[in-house]
Amino acid sequence: MAKRVAIVGAGVSGLASIRCCLEEGLEPTCFERSDDLGGLWRFTEDIEEGRASLYKSVVSNSCKEMSCYPDFPFPEDYPIYVPHFQFLEYLKTYANRFDLLKCIQFKTKVCSVTKRPDFTVTGQWEVVTLREGKQESAVFDAVMVCTGYLTNPYLPLDCFPGINNFKGQYFHSRQYKHPDIFKDKRVLVVGMGNSGTDIAVEASHLAKKVFLSTTGGAWVISRVFDSGYPWDMVFMTRFQNVFRNSLPTPIVNWLIAKKMNSWFNHANYGLIPEDRTQLREPVLNDELPGRIITGKVLIKSSIKLVKENSVVFNNTPREEPIDIIVFATGYTFAFPFLDETVVKVEDGQASLYKYVFPAHLQKPTLAVIGLIKPLGSIIPTGDTQARWAVQVLKGVSKLPPSSVMIEEVNVRKQNKPSGFGLDYCKALQSDYITYIDELLTFIGAKPNLLSLLLTDPRLALTIFFGPCTPYQFRLTGPGKWEGARNAIMTQWDRTFKVTKTRVVRESSSPFESLLKLFSFLALLVAIFLIFL
């Protein structure tokens, strides 16, 4: 009899979990509290409790070739960076393609997930749900939690003295939908993450004045990277990952700073990060430098005092009149349907082995999917987590003893720098390629580059030196996709097909041919040094 698996949430990770369960012959039932799938990517004018909220203009920060499901590329006619409404269309197409809707119960809230009395023997869970005012209870052999980390706004008003005296309007960025509310207003955005920066830039097109307050600064990069290529297709390669992780962290930080400043000098714009020893997630915004240089957005330090109609910033005595304050101060996450003895959240992270399994459970029958912030797309990350989790739930892949897992979790929480590669500053942040490769190794699905170099050298070189697109993750092992090789070899064609809307004659010169020859020779030398 197939194992029954309860899946909480029908966002990008929930859909991947349903698919992986069906692939392996399990019987998934997904509970989604809203009336449609998509999670974060489903825009609504109203804010729904327990679901991530986005604003009208949201566009993906990861390009379509890097953020698709590993065996389901985006349509060729989609833009390189995808607006939210097309992203949702893609998710619905994915769900239809693999017949996932039959497994989803919409408008169903999960009230509680508790261990059965015989859990130490069976590993089973009792799941209580609420639908149309009626509670139901069912027993499942396993549970996959896919609720994400962008549902509970973090609004530390105590950190802003005088905020209770403010007579203007203030709200968390979760409530923001359209820029019309900023027309002819003096706006302050607090927090320089992706949302805060997007909102400040949008507001600057309508507002009288816009301030962007940041405590620590941030690196800002454009989606349009070197020679017009998507930033993540340039940055996320196995070669660059190996190169970065082999260098001492101070050298890596210096190289990162040099690269970030090649677009514009962050110090001249008041943006340079105060702490450059650890990598904070860079801000992706194509317009911010232009808005700053034209005086449309003014960068300010942290808030010292909020008055009735103005704000005083640290390091400056001048009061700035303000009408609206937007707090883009991030999110916290919780699992209200789980007891703390199952998953405990402390200091912005949970005690999960490899960010997936509670380290102390007697039976590994509960997995958390998508609770991680890789420097890469969450869709292929969640898909890989789900593939590994399903293998564990089936008993095919085994976890280490609890003591080993607990020790690893504690070491990760301490976040001690290794001295090499990138040093991440926040909980849940992880090295994208290294992390996924580790999970792929657990299920025997990591591409063997040395073997490929002998049997399919062109593919091996593309995998190593080209962008680490998700298709690599289903090239072999459980869930292998027969179309993976072709998708990898044609990834650049799909990327720019949508932008080549005018026929252009490309001329070549003898110098270019000579340069290509030298580049090829340099490539051979690099291969020799790396593999031999």
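Scroll up for the structure.
Residues numbered from 1 in each chain as written. Predicted model: local features only at pLDDT ≥ 70, side-chain atom pairs only at ≥ 80, totals over all residues. Heavy atoms only, no water.

Peer 1: Could you clarify how one ought to interpret the overall build of the protein in this entry?
Peer 2: Helix and strand counts for the protein stand at 16 helices and 26 strands. Across the 532 residues that make up the protein, the buried fraction comes to 50%. In the protein, once contacts between residues fewer than 6 apart in sequence are set aside, the share between residues at least 24 apart is 69%. If you sum the accessible surface of the protein, you get close to 24800 Å²; carbon and sulfur atoms cover 54% of it. (Helix = DSSP H or I, 4+ residues; strand = E, 2+ residues; numbered from the N terminus. Buried < 20%, exposed > 50% of the residue type's maximum accessible area, 1.4 Å probe, protein only. Contact = heavy atoms within 4.5 Å. Areas by Shrake-Rupley, 256 points an atom, 1.4 Å probe, with all protein chains shown as cover.)

Peer 1: When you look at the layout of surface pockets in this model, what are you seeing that I'm missing?
Peer 2: It is a probe the size of a water molecule, rolled over the atoms, that shows where empty space is left. Roughly 810 Å³ of volume is contained in the second largest pocket. Around the second largest pocket sit 30 residues that line it, and Tyr355, Arg412, Asn415, Tyr424 and Gln429 are the ones nearest its centre. Listed by contribution, the elements that provide at least two residues to the lining of the second largest pocket are helix H10 (402-414), strand E26 (429-430) and helix H11 (432-442). If one sorts the elements of the lining of the second largest pocket by residue count, H10 sits on top with 5 residues. Broken down by class, the residue content of the lining of the second largest pocket amounts to 10 nonpolar, 10 polar and 10 charged. (1 Å grid on protein atoms, 1.4 Å probe; cavity = no way out; pocket = protein on both sides within 12 Å on 5 of 7 lines; lining within 4 Å. Points joined across faces, edges and corners; volume = space filled by probe spheres on them. Nonpolar A, V, L, I, M, F, W, Y, C, P; charged D, E, K, R; others polar.)

Peer 1: Any chance you could explain H10 here in plain terms?
Peer 2: With 13 residues, H10 extends 18 Å from end C-alpha to end C-alpha; this agrees with the ideal 18 Å at 1.5 Å per step. Just past H10, the residue Asn415 takes up positive phi, approximately 55 degrees. (Expected span 1.5 Å × (residues − 1).)

Peer 1: Would you take a moment to explain the environment of Gly9 for this structure?
Peer 2: Positionally, Gly9 belongs in the loop between strand E1 (4-8) and helix H1 (12-23). Each residue touching Gly9, except ones within four places of it in the same chain, is listed here: Gly14, Cys30, Phe31, Glu32 and Cys146.

Peer 1: Would you mind showing me how to read empty space enclosed by the protein here?
Peer 2: Counted according to the given criterion, the structure contains 4 cavities of 30 Å³ or more. Of the volumes computed, that of the largest cavity is approximately 90 Å³. As for the largest cavity, its lining consists of Trp219, Ile221, Phe225, Trp231, Phe235, Ile256, Met260, Leu279, Arg280, Pro282 and Leu375. Partitioning the lining of the largest cavity into residue classes produces 10 nonpolar, no polar and 1 charged. As for the second largest cavity, its lining consists of Phe235, Met236, Asn241, Arg244, Asn245, Leu375, Leu422, Tyr424, Asp431, Tyr432 and Ile433. Mapped onto the lining of the second largest cavity, the elements with two or more residues apiece are helix H6 (238-245) and H11.

Peer 1: What am I meant to see in the packing of aromatic side chains here?
Peer 2: Where two aromatic rings form a pair, the distance of their centres and the angle of their planes describe that pair. Enumeration according to the criterion identifies 36 aromatic pairs in this entry. By the ring-pair criterion, three or more aromatic residues cluster together here, those being Trp41, Tyr69, Phe72, Phe74, Tyr78, Phe87, Tyr90, Tyr94 and Phe98. The ring of Tyr81 is capped by Arg223, whose NZ or CZ atom sits 5.8 Å from the centre of that ring. Between Arg244 and the ring centre of Phe235, over which it is positioned, the NZ or CZ distance is 4.1 Å. (Phe/Tyr/Trp six-rings, centres within 6.5 Å; stacked < 30°, edge-to-face > 60°. Lys NZ or Arg CZ within 6 Å of the ring centre and 35° of its normal.)

Peer 1: Would you explain the pairing of strand E16 (residues 310-313) in this entry?
Peer 2: Look at any regular strand and the pattern is simple: side chains alternate between the two faces of the sheet. Here E16 shows a buried face lined by Ser310 and Val312 and a second buried face lined by Val311 and Phe313. Linking strand E15 (residues 303-306) to E16, which pair antiparallel, is a turn of 3 residues. Here E16 runs beside strand E17 (residues 319-321); their pairing, made up of 3 bridges, is antiparallel. Its bridge partner lying in E17, Ser310 is registered against Pro321. From the end of E16 to the start of E17, which pair antiparallel, there are 5 residues, and Asn315 there has a positive phi angle of about 70 degrees. (Pairing = 2+ DSSP bridges.)

Peer 1: Teacher, can you tell me more about the nonpolar core here?
Peer 2: One broad rule of soluble globular proteins: the nonpolar side chains tend to lie buried together. Grouped together as the largest cluster of nonpolar side chains are 150 residues, with contacts concentrated most on Leu15, Tyr69, Leu91, Met144 and Phe182. Other than its neighbours up to four places away in sequence, Tyr69 contacts Val12, Leu15, Ala16, Tyr90, Leu91, Tyr94, Ile379 and Asp383. (Core = buried A, V, L, I, M, F, W, Y, C linked by side-chain atoms within 4.5 Å.)

Peer 1: Looking at this structure, how should I read the pattern of salt bridges?
Peer 2: Side chains bearing opposite charge may pair, as long as their charged atoms lie close to each other. Overall, the coordinates contain 26 salt bridges when judged by the stated rule. For Glu23, the salt bridge goes to Arg474, with nearest N and O atoms at 3.0 Å. One end of the pair, Glu23, is in helix H1; the other, Arg474, is in the loop between helix H13 (457-465) and helix H14 (484-489), with 451 residues separating them in the sequence. For Arg238, the salt bridge is made with Asp437, and the minimal N-O distance between the two is 2.5 Å. Here Asp437 lies in helix H11 and Arg238 lies in helix H6, a separation of 199 residues in the sequence. Residues Arg238 and Asp437 agree in their burial class; the two are buried. (Salt bridge = Lys/Arg side-chain N within 4 Å of Asp/Glu carboxyl O.)

Peer 1: Where do I start with the sheet that holds strand E14 (residues 298-300) in this structure?
Peer 2: Strand pairing in a sheet relies on backbone hydrogen bonds, with the paired strands running either antiparallel or parallel. Strand order across the open sheet formed by 5 strands is E9-E18-E10-E11-E14, with parallel pairing between neighbours. At either end of the open sheet lies a strand with only one pairing partner, and these are strand E9 (169-172) and E14. Across this sheet, the average inter-strand angle for adjacent strands is 20 degrees, counted without regard to direction. Bridge count for strand E10 (residues 186-190) against strand E18 (residues 324-327) is 4 bridges, and the pairing is parallel. Along E18, the bridge assignment pairs Val189 with Val326. Packing of helix H4 (residues 194-203) onto the sheet brings it into contact with E10, strand E11 (209-213) and E18, and relative to E11 it is tilted by some 165 degrees. (Axes fitted to C-alpha atoms, helices over the stretch in contact; angles between N-to-C directions.)

Peer 1: What should I look at first to understand the sheet that holds strand E5 (residues 125-131) in this one?
Peer 2: The 3 strands are arranged E4-E5-E6 in an open sheet whose pairing can be described as antiparallel. Across the chains shown, the open sheet's two edge strands, defined by having one partner strand only, are strand E4 (109-115) and strand E6 (134-140). For this sheet, the mean inter-axis angle between neighbouring strands, taken without regard to orientation, is 20 degrees. Alignment of E5 against E6, held across 7 bridges, turns out to be antiparallel. Counterpart to Leu130 in the pairing with E6 is Gln135.

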